[in-house]
Amino acid sequence: MSGDGGVKRIGMRDVADAAGVSTQTVSRVLNDYPGIRDATRERVLAAVAALDYRVNNAARALGTSLTRTVGVVASDAVLHGPSAGIAALERAARARGRWISTAYTDSDDPADIDAAVRHLLDQGVDGIVLVAAHGATPLEGYDVPLVPLYGESGIRQRDAAARVVDHLADLGHRRIVEVAGPADWREALARTAGVADAIARRGLAREGRVEGDWSAGSGAAAADAVAAHVRAGATAVAVANDQMALGLMAGLAARGLAVPADVSVAGFDDNPDAAFYTPALTTVRLDVEGEAAEAVARVLGDEPTLPADPVLVTRASTAAPR
């Protein structure tokens, strides 16, 4: 380990020593200067390959061990959660005198995510944070730390989802429908686990589970299934994010079901528009700024400060069952 808490990186001096040449010669070979003898060029390139030296790293060329840049691999950045996370990471990195460099991928294919990670590695980033990490996202096998924005265990995600169910139970709801996020997302799995934990702990019944894709459209598409459960006796819905909750409430209204008179609906994230939904949405808020600061500290090898606990925000979309 290096003194900064990260993994020791290979610099141009290491390549030069291995090849038996000067750092200037290494630079000339890497930048394809003419006039380099073939044997010298081959020795340098062999050393580069053997040491897995990353070419696009200005800080290493200057003989330092840090680029002062944190990499971010992000998918589905048009959604509120990932976009808010990226903005929070930028602020957290700047607070530590770093910048962020972001590679976007809208695929859950591990090979595509690996390509984004390696693109950032070629820039010499000091560590990488994964935003909106899919379940198949590789977290190991690289020469810098990789951490998901909300942590591998998702413990605060579980706690936040459980708080939503506890709120519904405290209002008197006993039969709850879940509208979950996509099952290949770490965050969706953690939120589903939190719903299941609280339902079991409170002795409630989970009437059904419908899976969406985080979008308002998928929430609206879930309305038929949710309405059927409501007409069979369910009185509340725990939704994995606010955007799906928005679509669900519109879909339920189109089917003649009023929120909260016929069914209570609660979301997750407390996005900036949630207070202006009709009705205003009960939801739960994570400390995104704290989560980002913790993630940046972890990739830099520093001692992190834990984020604040999730906060339940009670609004008009939930009420006691009638």
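Residues numbered from 1 in each chain as written. Predicted model: local features only at pLDDT ≥ 70, side-chain atom pairs only at ≥ 80, totals over all residues. Heavy atoms only, no water.

Undergrad: Requested: an account of the overall build of the protein chain, with residues and values cited.
TA: Scanning the protein chain for helices and strands turns up 12 helices and 10 strands. Looking at the protein chain as a whole, 51% of its 322 residues qualify as buried. For the protein chain, the proportion of contacts with a sequence separation of at least 24, taken over those separated by at least 6, is 74%. Element-wise, carbon and sulfur atoms account for 52% of the exposed surface of the protein chain, whose accessible area totals about 14000 Å². (Helix = DSSP H or I, 4+ residues; strand = E, 2+ residues; numbered from the N terminus. Buried < 20%, exposed > 50% of the residue type's maximum accessible area, 1.4 Å probe, protein only. Contact = heavy atoms within 4.5 Å. Areas by Shrake-Rupley, 256 points an atom, 1.4 Å probe, with all protein chains shown as cover.)

Undergrad: Describe the sheet that holds strand β3 (residues 128-131), and please don't skip the residues or the numbers.
TA: Backbone-to-backbone hydrogen bonds join strands into a sheet, with any given pair of strands oriented parallel or antiparallel. In spatial order, the strands read β2-β1-β3-β4; together these four strands make up an open sheet with parallel pairing. If you trace the sheet from one side to the other, it starts and ends with β2 (99-104) and β4 (146-148), each paired once. On average, each strand axis in the sheet is inclined to that of its neighbour by 25 degrees, with strand direction left out of account. Contacts between helix α5 (residues 80-95) and the sheet are confined to β1 (69-74), β2 and β3, with β2 contributing the most and set at about 155 degrees to the helix. Docked against the sheet, helix α12 (residues 288-299) engages β1, β3 and β4, running at close to 165 degrees with respect to β4. (Pairing = 2+ DSSP bridges. Axes fitted to C-alpha atoms, helices over the stretch in contact; angles between N-to-C directions.)

Undergrad: Account for the packing of aromatic side chains, naming residues and giving values.
TA: Considering all chains together, one arrives at one aromatic pair under this definition. Centroid distance tryptophan 185 to tryptophan 214: 5.5 Å. Interplanar angle 65 degrees. Geometry classified as edge-to-face. Separated by 29 residues along the polypeptide, tryptophan 185 in the loop between β5 (175-180) and α8 (186-202) and tryptophan 214 in the loop between β6 (205-211) and α9 (216-221) bring together distant segments of the chain. For tryptophan 214, a relative accessible area of 4% puts it in the buried group. Above the plane of the ring of phenylalanine 268 lies arginine 191, whose end atom (NZ or CZ) is 3.7 Å from the centre. (Phe/Tyr/Trp six-rings, centres within 6.5 Å; stacked < 30°, edge-to-face > 60°. Lys NZ or Arg CZ within 6 Å of the ring centre and 35° of its normal.)

Undergrad: I'd love a proper account of helix α3 (residues 38-51), names of residues and values included.
TA: Between the first and last C-alpha of α3 there are 20 Å, a value that for 14 residues agrees with the 20 Å anticipated at 1.5 Å per step. Buried residues of α3: Thr40, Arg41, Val44, Ala47 and Val48, and no others. Down the axis of α3, the sector holding all buried residues measures 130 degrees, keeping them to one side. In α3, the exposed positions angled more than 90 degrees off the buried face are occupied by Asp38, Glu42, Ala49 and Ala50. (Expected span 1.5 Å × (residues − 1). Arc of directions from axis to C-beta.)

Undergrad: Any chance you could break down the confidence of the model for the protein chain for me, citing the residues and the numbers?
TA: Summarising the model, the protein chain shows a mean pLDDT of 87, and 88% of its residues fall at 70 or more. Taken together, the stretch residues 56-65 has pLDDT below 50 and engages in 22 contacts with residues farther than four places along the chain or on a different chain. (pLDDT = per-residue confidence, 0-100.)

Undergrad: How would you sum up helix α6 (residues 110-121)? Please name residues and give values.
TA: Across its 12 residues, α6 extends 16 Å between first and last C-alpha, which sits within 8% of the 16 Å expected from 1.5 Å per residue. Taken as a whole, α6 has its buried residues at Ile113, Ala116, Val117, Leu120 and Leu121. Buried residues of α6 fall within an arc of 145 degrees about the axis and therefore sit on the same side. Close packing links the buried residues of α6 with β1, β2, β3 and β4.

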